[in-house]
Amino acid sequence: MALTLDQPKLRTIHLDSLESRVGNTPLLRLRRVFPNLSPSVQIFAKAEWFNPGGSIKDRAALNIIYTAIAKGELTSGKRLLDSTSGNTGIAYATFGAALGIPVTLTIPANASEERISILRVLGAEIILTDALEGSDGALMVAQEMAAASPEKYFYANQYANPANWEAHYKSTGPEIYSQTNGHVTHFVSGLGTSGTLMGVGRYLREQNPKIQIIAGQPKGPFHGLEGLKHMESAQKPPIYDENFPDRFIDLETETAHEMVRRLAREEGLFVGISSGAAAVAALEVAQGLDEGIIVTVFPDAGYKYISDKALWGGE
Ligand code: PMP
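Residues numbered from 1 in each chain as written. Predicted model: local features only at pLDDT ≥ 70, side-chain atom pairs only at ≥ 80, totals over all residues. Heavy atoms only, no water.

*Asks:* Requested: an account of the sheet that holds strand 7 (residues 186-190), with residues and values cited.
*Replies:* Taken in spatial order, the 6 strands of this open sheet run 1-2-10-7-8-9, and their pairing is mixed. The outermost strands of the open sheet, each flanked by one partner alone, are strand 1 (27-29) and strand 9 (247-251). Across the sheet, the axes of successive neighbouring strands diverge by a mean angle of 25°, strand direction being ignored. Strands in contact with helix 6 (residues 162-179) are strand 1, strand 2 (41-47), strand 7 and strand 10 (292-298); relative to strand 2, the strand with the most contacts, it is inclined by about 140°. (Pairing = 2+ DSSP bridges. Helix = DSSP H or I, 4+ residues; strand = E, 2+ residues; numbered from the N terminus. Axes fitted to C-alpha atoms, helices over the stretch in contact; angles between N-to-C directions. Contact = heavy atoms within 4.5 Å.)

Here it is, written out as structure tokens:
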């Protein structure tokens with residue numbers, strides 16, 4: 001069983017289901033891309049595109065759905081509503097289709113065509129919001145819809161829903177700890193909703209308070225690091241505690257792009273932009289160490305970013 005859930009009934013029913021394949025992703029050692037590190041410093045990446053919906057957000061979305069069902073908040077006939085154009089939306093739409101739960105997503109109108117197409121293919125209802133207002137605008141529209149029709153919607157609200165970070169506390173964190181036989185010394189993660197960092201970080205710190213928890217975030221408010229947030233200028237997610245990380249690393253889009261290209265060619269890992277950013281942050285941590293086991297997360301694969309001209313335009 002992949003994701004550890006609190007509901008024995010669902011656990012039994014869904015043993016052979018798509019949902020049961022969420023989690024238990026491989027932990028890959030980066031072997032060739034960082035040749036000059038000390039032999040006692042190793043970098044590993046959790047390969048989250050192995051999840052059935054193609055990203056780490058399967059874990060959060062499925063736990064949000066299961067928790068809402070268990071609490072009686074997502075009853076039959078209600079629609080799951082949230083604002084997301086990214087991987088969480090794809091995960092809701094995937095498991096919504098698999099479990100027969102209708103899904104409505106509010107999305108800024110300038111979200112990429114690929115993303116909107118993927119969500120339509122999976123049968124989600126899409127409400128386009130003002131492009132100029134970005135993801136905060138989509139969030140406001142979802143909030144208004146939820147407030148206006150509480151009988152119609154279960155408002156999942158990934159930024160404020162504890163089931164988001166708890167998914168990582170229950171699955172990603174324990175997997176990393178056991179896959180490294182408890183020897184992980186540093187955990188490095190990008191910040192989006194912060195669910196990954198907060199959940200994995202809390203679990204690992206409980207096992208061993210010496211494990212360093214390091215957050216990577218875009219250097220400034222305008223960036224191309226899809227999936228990550230510049231916390232100082234964005235609406236702060238209620239699940240995020242800025243005092244939690246031991247250290248922050250600023251990330252630049254260009255450097256992340258370069259790393260994405262190298263990961264493909266030097267490691268055979270065709271990953272998304274936030275994975276490139278995570279590798280850059282992990283390298284920065286590694287360069288300051290004589291020994292250590294650094295674990296980071298590669299949230300998704302590269303297919304959704306092929307039309308990104310800044311990333312692949314020169315190819
Ligand atoms: N990378 C990508 C590609 C994502 O879609 C997300 C989710 N927004 C993240 C990183 C960050 O994950 P989290 O929301 O758990 O902070």
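So that's the structure; there's more coming.
*Asks:* So what's going on with the nonpolar core? Which residues, and what values?
*Replies:* Of all hydrophobic cores here, the largest spans 35 residues; its most connected members are Leu30, Phe34, Ile43, Leu263, Ile294 and Phe298. Examining the composition of this core, we find that 10 residues originate from one element, helix 9 (residues 273-287), more than from any other. Those residues in contact with Ile43 that sit more than four places away from it in its chain are Leu28, Arg29, Leu30, Phe34, Leu37, Ala282, Leu283, Ala286 and Ile294. Membership of the second largest hydrophobic core comes to 26 residues, among which are Ile90, Tyr92, Leu105 and Ile116. (Core = buried A, V, L, I, M, F, W, Y, C linked by side-chain atoms within 4.5 Å. Buried < 20%, exposed > 50% of the residue type's maximum accessible area, 1.4 Å probe, protein only.)

*Asks:* I'd love a proper account of the packing of aromatic side chains, names of residues and values included.
*Replies:* Inspection of the entire model under this criterion finds 6 aromatic pairs. Between Tyr177 and Tyr203, the aromatic rings sit 6.3 Å apart at their centres with planes inclined by 75°, giving edge-to-face as the arrangement. Placement of Tyr177 in helix 6 and of Tyr203 in helix 7 (residues 195-207) is noted, with a sequence separation of 26 residues between them. Plain terms: the ring middles of Phe270 and Trp312 are 6.2 Å apart, the flat faces sit at 65° to each other, and that makes the pair edge-to-face. Of the two residues, Phe270 is situated in the loop between helix 8 (253-267) and helix 9 and Trp312 in helix 10 (residues 309-312); the sequence distance between them amounts to 42 residues. For Phe270, a relative accessible area of 26% gives the class partly exposed. Judged by its relative accessible area of 15%, Trp312 falls in the buried class. Grouped by ring-pair contacts, the aromatic residues Trp165, Tyr169, Tyr177 and Tyr203 constitute a single cluster. (Phe/Tyr/Trp six-rings, centres within 6.5 Å; stacked < 30°, edge-to-face > 60°.)

*Asks:* Kindly report on the pairing of strand 10, identifying the contributing residues and their values.
*Replies:* For strand 10, the buried fraction is high: 6 of the 7 residues fall into the buried class. In the sheet, strand 2 pairs with strand 10 via 7 bridges, with the strands oriented parallel. If you follow Gln42 over to strand 10, its bridge partner there is Ile293. Where strand 7 lies against strand 10, 3 bridges are found, and the strand directions are parallel. Bridge assignment links Phe187 to a residue of strand 10, and that residue is Val295.

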